Amino acid sequence: MTTGQVGGVTAKAPATAAARRRITVRGVVQGVGFRPFVHTLATELGLTGHVTNTGEGVVAEVEGASAALVRFARRISAEAPPLAVVEAVEGEDIALTGDAGFRILPSRADGLSRTLVSPDAATCDACLAELTDPADRRHRHPFLTCTHCGPRFTIVTAVPYDRALTTMDRFPMCPRCAREYADPTDRRFHAQPIACHDCGPRLRLLTADPADRTRPPRPAPGPDPVADTRRLLAAGAIVAVKGLGGYHLVCDASDDDAVALLRRRKARGDKPFALMARHLTDIEHLVRVRAEERALLTGPVRPIVLLRRLPAPAPAPDAPALSAAVAPGSPDLGVMLPYTPLHHLLLGLPDDPPGPRLLVMTSGNVAGEPIVTDDDEAVARLAHLADAWLTHDRPIRIPCDDSVVRISDGEQLLVRRSRGYAPLPVALPVPVQPALAAGGDLKNVLCLAEGHRAWLSAHIGDMDDLATQLAFERAEAHLETVTGVRPRLLAADRHPGYRSGQWAQRHTDGRPLVRVQHHHAHIAAAMAEHGLHDGHPVIGVAFDGTGYGDDQAVWGGEILLADYDGYRRFGQLAYVPLPGGDTTVRRPYRMALAHLRAAGIDWAEDLPPVVACPPEERRLLVRQLERHLNCVPTSSMGRLFDAVSSLAGICHQAGYEAQAAVALEAAALTAEEDRGPGYAFALRAAPTGETGADTVADPAPVLTAVVADLRAGTAPALIAARFHTAVADLVRRCCALARERAGLTTVALTGGVFANTLLAEATARLLRQDGFTVLRHRRVPPNDGGLALGQIVVAARTAGAAAR
């Protein structure tokens, strides 16, 4: 007798007795070669029946000996294809039919989708071998793919995942591709994006008229668009290259003039550019590459990985040079390796003529707008940025920017969750009704959820222009299509001016809309991704630049005692005036002067922010602060980082978000060992009803110590390091007080400030030493890119409580 567990159904029968079972496999099982895998497995085990895609997942009916059915059920998850994620295998006994052979049936689009669409995946080794083999019929084919790699999420128009429901539907398979597609022994058996030189897609190179850039670009005359593009890049051109999820702006990263030109055209300021390297060996002389980072760089996701620069580049005579204009002032380089055949071709195959080995690869967009995906739009909107366009005729269904990841404490820390991760769901520890969360206005990502799953969109962008808002609407509609979630509840930030919240308000259609406090959402996101259930409150440390507070102040240095149902403001950074809003964010010296005044420190002429502020602006700022004109109080830790960066003489003007804080971290990383006195915040009890917090952290002693160090000639790097240490110690002290008063022992570190790994790692280390369990973000970003996940869980709990 054989006893086995088949998808939750126990089989007890003679090993040779015939039986038939219907098995449903849920998870990421479409677009990853799962049906061919099932076909091969069933055939190997001598089983008959069929397999198909449905909105629920992959459904197989298998018939044969009971022992073989048991082995089939065990192996279907243990040996699944590389890109598959098997979440559940469910089975039931059904009547025998006496099938002959095993077949793959056409997909069924019955009911709402509950299957999971695969993210796009980097070119696999087998395809790369074909790309470089002159004897292979797909040699140098820029759209080479198979069941283990290539586009998925960005080309899907509906589910089940079939070629007819992707943007490949316009390319009829040639006879040879059709034979491979139908051959169960072939790696491209039912590979929906299958393509070759004969059946397309096809590249096209357009070049601008250098004498009149307002004229439409014209097709390049050469027979090989890639070779022509490589020559353009080597000559210093900027080329808009169409990738998986949108256009990149590309230039030779070794060419100072080309990088500087791209920076000027894109009005980039000093914001770092991302790099694409041909091989790891091309960047190892510039950055430290640890084992975890190497795995990310070479794996199927291929995100941009933030790698710490070496203090002094290692001597490497044969290594490519890097322009200093690629990432000025940044402690990291954002590096990725090729993830499409076209990228490999652009960087050159082994026998190609020499060309650029390091390429700047930055999003193809106008500053602040979403990445461009449409070909006509790319020509129009990027006309002032690009000298040429390397495009193709496979449409991109949904934009998907490159993901950005760093390694912190040996684990991944997502800075931007997009290509390669979206639309994989995040498991929820609490069930939610079908819901939509609109996210925030910066780094916008929306979220759909139902039951125990939450699907986050790819990175959308900042919601301050119409193009991004339209991209938001398209992303929401597409995510509904591929998930089957039909929201009955909406969630948004409490800020009345957020465009994401205004969109949610306009689209309620009679559905309830729950407004969620910004920092509560941050903390709930950290709790949810770590699987915390109801009744497990945490000490939530939420440090960021801005968030709408309950008292209408700008919060951002918050310690909340929180669970999914609510929160209490236990601690906060002391309020200081934020004079002029966005103007002060762009000019950190203004924030420094506001903090100095709040701390009772004179604006003496020997202090760097005083020198940086023009005299007339300084006089106006004095009157503004005296009369409280356009001065919203803020408790923002992000703004305090800005202030100290300027006070230490490191960064007075910010050309991009968090530039001053990034520069402060970069300086701290270069500091020599500190044997002197440190800095410490003052902790005081808040007067009853003053702010709603129990404890206020006053930075005045820290600022006083910074000024004393400046006047003693202390190096800015050491000042930066001491400030980081002081902030980590502040968190430690506040959490100790919270544990003493509330008995909580779990701390969630969240908010954009904790993307600073120097601070985050030091803080986590101190808390662990004190016996706390520390939650740090691993599956969603700590910044506003993870906000929607927290919104959706809090809103579902709020709506559920109201219904009860």
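Whatever comes next refers back to the structure up there.
So, how was this worked out
Residues numbered from 1 in each chain as written. Predicted model: local features only at pLDDT ≥ 70, side-chain atom pairs only at ≥ 80, totals over all residues. Heavy atoms only, no water. Helix = DSSP H or I, 4+ residues; strand = E, 2+ residues; numbered from the N terminus. Rg over C-alpha atoms; globule rule 2.2 N^0.38 Å. Contact = heavy atoms within 4.5 Å. Areas by Shrake-Rupley, 256 points an atom, 1.4 Å probe, with all protein chains shown as cover. Lys, Arg positive; Asp, Glu negative; His and termini not counted. Charge placed at Lys NZ, Arg CZ, Asp CG, Glu CD. Expected span 1.5 Å × (residues − 1). Buried < 20%, exposed > 50% of the residue type's maximum accessible area, 1.4 Å probe, protein only. Arc of directions from axis to C-beta. Salt bridge = Lys/Arg side-chain N within 4 Å of Asp/Glu carboxyl O. Core = buried A, V, L, I, M, F, W, Y, C linked by side-chain atoms within 4.5 Å. Axes fitted to C-alpha atoms, helices over the stretch in contact; angles between N-to-C directions. Left-handed = near helix turned anticlockwise from the far one by under 90°. Nonpolar A, V, L, I, M, F, W, Y, C, P; charged D, E, K, R; others polar. Phe/Tyr/Trp six-rings, centres within 6.5 Å; stacked < 30°, edge-to-face > 60°. Lys NZ or Arg CZ within 6 Å of the ring centre and 35° of its normal. Pairing = 2+ DSSP bridges. Polar contact = N/O pair within 3.5 Å; in protein donor to acceptor, adjacent residues only side chain to side chain.

## Re the overall build of the protein
Now for step 1: Each helix and strand counted, the protein has 22 helices and 32 strands in total.
Now for step 2: Computed over the C-alpha atoms, the radius of gyration of the protein is 28 Å, within 12% of the 28 Å expected from 2.2 N^0.38 for a compact globule of 804 residues.
Now for step 3: By principal-axis analysis of the C-alpha atoms, the protein measures approximately 90 × 70 × 50 Å.
Now for step 4: Sequence separation of at least 24 residues holds for 72% of the intrachain contacts in the protein that already meet a minimum separation of 6.
Now for step 5: In the form shown here, the protein has an accessible surface area of approximately 29,700 Å², with 53% of it arising from carbon and sulfur atoms.
Now for step 6: For the protein, the distance from the average site of its 87 positive side-chain charges to the average site of its 90 negative ones is 2 Å.

## Some words on helix α16 (residues 615–627)
Now for step 1: Here α16 spans 19 Å end to end across 13 residues, near enough to the 18 Å set by a 1.5 Å rise per residue.
Now for step 2: Turning to α16, its buried residues number three or more, namely Glu617, Arg618, Leu621, Gln624 and Leu625. Projection of α16 onto a plane perpendicular to its axis shows the buried side chains occupying an angular sector of 120°, all on one side.
Now for step 3: Check the buried side of α16 and you find it contacts β27 (576–579), α14 (588–598), α15 (608–612) and β28 (631–634).

## Notes on the pattern of salt bridges
Now for step 1: For the structure on display, the rule yields 54 salt bridges.
Now for step 2: Between Glu63 and Arg20 there is a salt bridge, and its shortest N-O distance comes to 2.7 Å. With Glu63 in strand β5 (residues 57–65) and Arg20 in strand β3 (residues 18–30), this residue pair connects regions lying 43 residues apart in the sequence.
Now for step 3: A relative accessible area of 10% means that Glu63 is categorised as buried.
Now for step 4: In this structure Arg20 comes out as buried when scored by relative accessible area, which is 2%.

## Some thoughts on the nonpolar core
Now for step 1: Ile539, Val541, Met637, Phe641, Phe681, Phe723 and Leu749 are the most contacted members of the largest nonpolar core, which has 60 residues in total.
Now for step 2: Setting aside its immediate chain neighbours within four residues, Leu749 contacts Val541, Val731, Phe754, Ala760, Thr763, Ala764, Leu767, Val774, Leu775, Arg776 and His777.
Now for step 3: Residues Leu41, Leu116, Ile155 and Ile398 belong to the second largest nonpolar core, which totals 58 residues.

## Some thoughts on the packing of helix α20 (residues 716–742) against helix α21 (residues 757–769)
Now for step 1: Contact geometry of α20 with α21 gives a least axis separation of 9 Å together with a crossing angle of 35°. Handedness of the α20/α21 crossing: right-handed. Between α20 and α21, the residues in contact are His724, Val727, Ala728, Asp729, Val731, Arg732 and Cys735 and Leu758, Leu759, Ala762, Thr763, Leu766, Leu767 and Gln769, respectively.
Now for step 2: Split into classes, the residues belonging to the contact of α20 with α21 amount to 9 nonpolar, 3 polar and 2 charged.

## Thoughts on the packing of aromatic side chains
Now for step 1: Inspection of every chain in the model, using the stated rule, returns 4 aromatic pairs.
Now for step 2: Each ring, one from Phe34 and one from Phe37, has its centre 5.4 Å from the other, and the planes form 75°; the classification is edge-to-face. Taken together, the residues span about one helical turn, with Phe34 and Phe37 both in helix α1 (residues 34–44) at a distance of 3 residues.
Now for step 3: The exposure class of Phe34 is buried, given its relative accessible area of 1%.
Now for step 4: Taking relative accessible area as the criterion, Phe37 reaches 14% and is therefore assigned buried.
Now for step 5: Where Phe543 meets Phe754, the ring centres are 5.5 Å apart and the plane angle is 15°; that geometry is what we call stacked. Here Phe543 is found in strand β24 (residues 538–548), whereas its partner Phe754 is found in the loop between β31 (746–750) and α21, with 211 residues between them in sequence. With respect to class, Phe543 is no different from Phe754; both count as buried.
Now for step 6: Stacked on the ring of Tyr339, the Lys or Arg Arg419 has its end atom at 3.5 Å from the ring centre.
Now for step 7: The ring of Phe772 carries Arg739 above its face, with NZ or CZ at 4.0 Å from the centroid.

## Brief notes about the packing of α1 against helix α2 (residues 66–78)
Now for step 1: Direction vectors running N to C along α1 and α2 enclose 150°, while the axes themselves pass 11 Å from each other. In this structure, α1 meets α2 at a crossing whose hand is right-handed. Residue-level contacts link Phe34, Phe37, Val38, Leu41, Ala42 and Glu44 of α1 to Phe72, Arg75 and Ile76 of α2.
Now for step 2: Residue classes in the contact of α1 with α2 are distributed as 7 nonpolar, no polar and 2 charged.

## A look at the pairing of strand β22 (residues 489–493)
Now for step 1: Across the 5 residues of β22, 5 count as buried, placing the element largely inside the fold.
Now for step 2: Bridge analysis of strand β20 (residues 425–437) against β22 gives 3 bridges, and the strand direction is parallel. Pairing of Leu436 across the sheet is with Leu490, part of β22.
Now for step 3: Sheet topology note: the β22/strand β23 (residues 513–516) ladder contains 4 bridges and is parallel. Bridge pairing in β23 links Asp493 to Val516.

## So, the sheet that holds strand β21 (residues 447–456)
Now for step 1: Read across the open sheet, the 4 strands follow the order β21-β20-β22-β23; overall the sheet is mixed. With partners counted over all chains shown, the strands left at the sheet margins are β21 and β23, one partner each. Put simply, the sheet's adjacent strands are angled 60° from each other on average, direction ignored.
Now for step 2: Sitting on the sheet, helix α10 (residues 466–483) touches β20 and β21, and the angle it makes with β21 is about 145°.
Now for step 3: Strands in contact with helix α12 (residues 518–529) are β20, β22 and β23; relative to β20, the strand with the most contacts, it is inclined by about 135°.

## Observations concerning the environment of Val360
Now for step 1: Topologically, Val360 is positioned in strand β16 (residues 358–363).
Now for step 2: Sequence separation of Val360 and Ala388 is 28 residues, and the distance between their C-alpha atoms is 15 Å.
Now for step 3: Apart from residues lying up to four places away in sequence, Val360 is in contact with Leu249, Val250, Cys251, Ala253, Val259, Leu262, Phe273, Ala274, Leu275 and Val326.

## Some details on the sheet that holds strand β15 (residues 332–336)
Now for step 1: Taken in spatial order, the 11 strands of this open sheet run β10-β9-β17-β11-β12-β16-β13-β15-β14-β18-β19, and their pairing is mixed. Bordering the open sheet on either side are β10 (218–219) and β19 (411–416), each of which pairs with just one other strand.
Now for step 2: Helix α5 (residues 225–234) rests against β9 (203–207), β11 (239–242), β12 (247–252), β16 and β17 (388–392) of the sheet, and its axis sits at about 35° to β9.
Now for step 3: Relative to the sheet, helix α7 (residues 291–298) contacts β14 (304–308), β15, β18 (404–408) and β19, its axis offset from that of β14 by approximately 155°.

## Observations concerning unusual backbone geometry
Now for step 1: Note that the residue after Gly200, namely Pro201, is joined by a cis bond; omega there is -5°.
Now for step 2: Mapped onto the elements of the fold, Pro201 is located in the loop between α4 (175–182) and β9.
Now for step 3: A cis geometry characterises the amide bond from Ala422 onward to Pro423, with omega recorded as 10°.
Now for step 4: Structurally, Pro423 is set in the loop between β19 and β20.

## Some details on α12
Now for step 1: Spanning 12 residues, α12 covers 17 Å between terminal C-alpha atoms, matching the ideal 16 Å at 1.5 Å per step.
Now for step 2: Of all 12 residues in α12, 12 are buried, a share of seventy percent or more.
Now for step 3: Turning to α12, its buried residues are His518, His519, His520, Ala521, His522, Ile523, Ala524, Ala525, Ala526, Met527, Ala528 and Glu529.
Now for step 4: N-cap assignment for α12: the residue whose side-chain oxygen lies 2.8 Å from the backbone N of His519 is Gln517.
Now for step 5: In the segment just after α12, Gly531 is the residue with positive phi, at about 75°.

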